[in-house]
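# Examining the three-dimensional arrangement
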Amino acid sequence: MWNFRADFSPGRNDGFSNEWWKFPLKKTGNVIPMPVPSSFNDITTDFKLREYVGWVWYDREVYASSDWRNKRVVLRIDSAHYFTQVWLNGVEVMSHVGGHLPFEAKVNDALKFGQINLLTVAVNNTLSPLTLPPGTVHYANDPKSYPPGYFTMTGQFDFFNYAGIHRSVRLYTTPTVYVDDITIITKNASRSQVAQSDRLVNSITISNPTLWRPYSEDLKNPGYQYTLKVELRNSMNGEIDVYRQKFGIRTIRWTDTQLLINDKPFYCHGVAKHEDSDIRGKGLDYPLIARDFNMLNWLGANCFRTSHYPYAEEIMDQADAQGVVVFDESPGVGISKTNMGPENLKHHLDVMKELVRRDKNRPSVIIWSVANEPQSNYDEARDYFKSVIDFTRKLDPTRPISFADAQNYDTCKAAQFVDIIFVNRYYSWYSDMGHTEVVAYQLPENLNGWHNKFKKPVIITEYGADTISGLHTEPANPFSEEYQAKMLESYHKVFDDLKKKFLVGEMVWNFADFMTDYAVNRVNGNKKGLLTRQRQPKAAAHRIRERYWRIINANNST
Ligand code: E9O
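Because the structure is predicted, anything quoted here is derived from the model rather than measured.

Further remarks concern the sheet that holds strand β23 (residues 458-462). An order of β17-β18-β19-β20-β21-β22-β23-β24 is seen for the eight strands of this closed barrel, with the pairing classed as parallel. Going from strand to strand, the sheet's axes swing by 25° on average, the running direction of each strand aside. Pairing analysis gives three bridges linking strand β18 (residues 303-305) to strand β19 (residues 325-329), with the strands arranged parallel. The residue bridging Cys303 from the neighbouring strand is Val325, located in β19. Relative to strand β20 (residues 365-372), helix α6 (residues 380-395) is tilted by about 155°, and along the sheet it contacts β20 and β21 (401-405).

Below, the structure written as structure tokens:
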């Protein structure tokens, strides 16, 4: 529990003008206990805090052992949403832009060893056209209709803008000479090694290795990982930094019509997810992670997309260990034509750099997804996405790159740069609602269109219907459990046909119900989950389970 205070002053700037980082927060006014990690929004019963936009302040005391004096001490925040500024004993030690990736700094100069230290963290959740994801603040200029100071913020995306210190905060130590980063590239020994001159490059040959396999390919021994132990010895004082990095040995390859893991065609049958749950919002929670992986396995989902931002490292660790394939998505959701300027691009590249640095050694990650549903039909999208994709490919030439598209093949300006086409489709939901009989016509036309134009494999990265758990109608009306099942099944007939051709994956939107902003089509959130927000199955979940396990069992019996 940290001390917490939201800055409700009109400009949200009292904390900065009164230098709240200089004293314990409780000296500045009323504080409340706030759990870390967690979103702050759903902890209290205060509507104003749930809706809060601006700076919130956290602080706590932390004891630093005097044994640490001769070490390098690092403060790491696994993630905080969105802008973060951090002080230790009143000294600013770091700041970070972006809500979903870790940041850290050496803090020796600010730390008092053998004493209690004051750690202060200010977090601002205001989104703008320059943030990822983008958002807009709207001021009401009509005093007759709105109270003074009234403003709202909308995001260009369909999930609640939960905020706060979302993941763990830790102090750790290393020797003064330390391993900063390790990149492990696994390849067939027969292929030649390219050395990078500014790095230490070493190669190790493992004969007859146990490969990393998705659990759907190897039910007995999925997700096999090795551990590389690296020791760096400081010849001046004999100190050793030891770093243990897990890795898996597997290849990814793709052709015009196939995606191959370990040279075997791989079919993704899975879900798109969210980091979202009751009370915690987007806060890290181990029971939730464990439950989600149990339910992924129950469903037979062999893959998930980290829609629409990078997930916690603890989640990624489970995907690696359990052999679940991941499409690793950046927070580039809802990029419209106006968010494709040079400043946007620079930030997007920075984010890709942070994401690839964090996840490059993960065997589960087989695709980078640089965005979700951008306005790819505008000319601006051509250069913008070419730059993002080229840059990402330079960072990691080993994995395919894509983004999830909701535009059409004849208007999309950016799909030409991806390796695998991702499409989000909602026939019989957002168009022709209630009429699943159109799916057999519209879906094959569309998927064939993408493949024929771009000559690339296609994955449907979203399809689904909002469903109120417990609502039953026969015949199946939209929002009933029957309709969700009927709609998904109408897509499956098409998938089964195209699977033999160029379709290499299907992902239901969404794994579970999740919170969104208020909207007339959102009844306390988006209800397209196969599971409720409490992770219990709706009727369609049972159908998906039958389908996915049928695919797995057929695969494993041949
Ligand atoms: C993005 C996701 O975050 N895709 C949306 C999902 C939804 O449930 C949202 O939660 O709304 C669907 C985009 C649908 C675009 C198709 C519009 C077709 C109009 C005829």
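Let us keep going from here.
Before going further, it helps to examine the side chain of Asp396. Relative to the helices and strands, Asp396 is located in the loop between α6 and β21. Excluding its chain neighbours within four sequence positions, the residues that come into contact with Asp396 are Val356 and Trp368.

It is worth spelling out helix α4 (residues 313-322) at this point. A turn of α-helix holds 3.6 residues, and therefore any two residues three or four places apart point the same way. Of the residues making up α4, those classed as buried are Glu313, Glu314, Ile315, Met316, Ala319 and Asp320. Of the residues flanking the end of α4, it is Gly323, one or two places downstream, whose phi is positive at about 70°.

Judged by pairing direction, the sheet is antiparallel, and its three strands sit side by side in the order β14-β15-β16 without closing on themselves. In this open sheet, the two strands that pair with only one neighbour each are β14 (252-254) and β16 (264-265).

Time to look at helix α5 (residues 342-359). Its 18 residues give α5 an end-to-end C-alpha distance of 26 Å, which sits within 8% of 26 Å, the value for a rise of 1.5 Å per residue. Three or more residues of α5 are buried, namely Asn344, Leu345, His347, His348, Leu349, Val351, Met352, Leu355, Val356, Arg358 and Asp359. Buried residues belonging to α5 abut β6 (91-97), α4, β19, β20 and α6.

Here is what the cut-offs are and how they apply
- Residues numbered from 1 in each chain as written.
- Predicted model: local features only at pLDDT ≥ 70, side-chain atom pairs only at ≥ 80, totals over all residues.
- Heavy atoms only, no water.
- Pairing = 2+ DSSP bridges.
- Helix = DSSP H or I, 4+ residues; strand = E, 2+ residues; numbered from the N terminus.
- Axes fitted to C-alpha atoms, helices over the stretch in contact; angles between N-to-C directions.
- Contact = heavy atoms within 4.5 Å.
- Buried < 20%, exposed > 50% of the residue type's maximum accessible area, 1.4 Å probe, protein only.
- Expected span 1.5 Å × (residues − 1).

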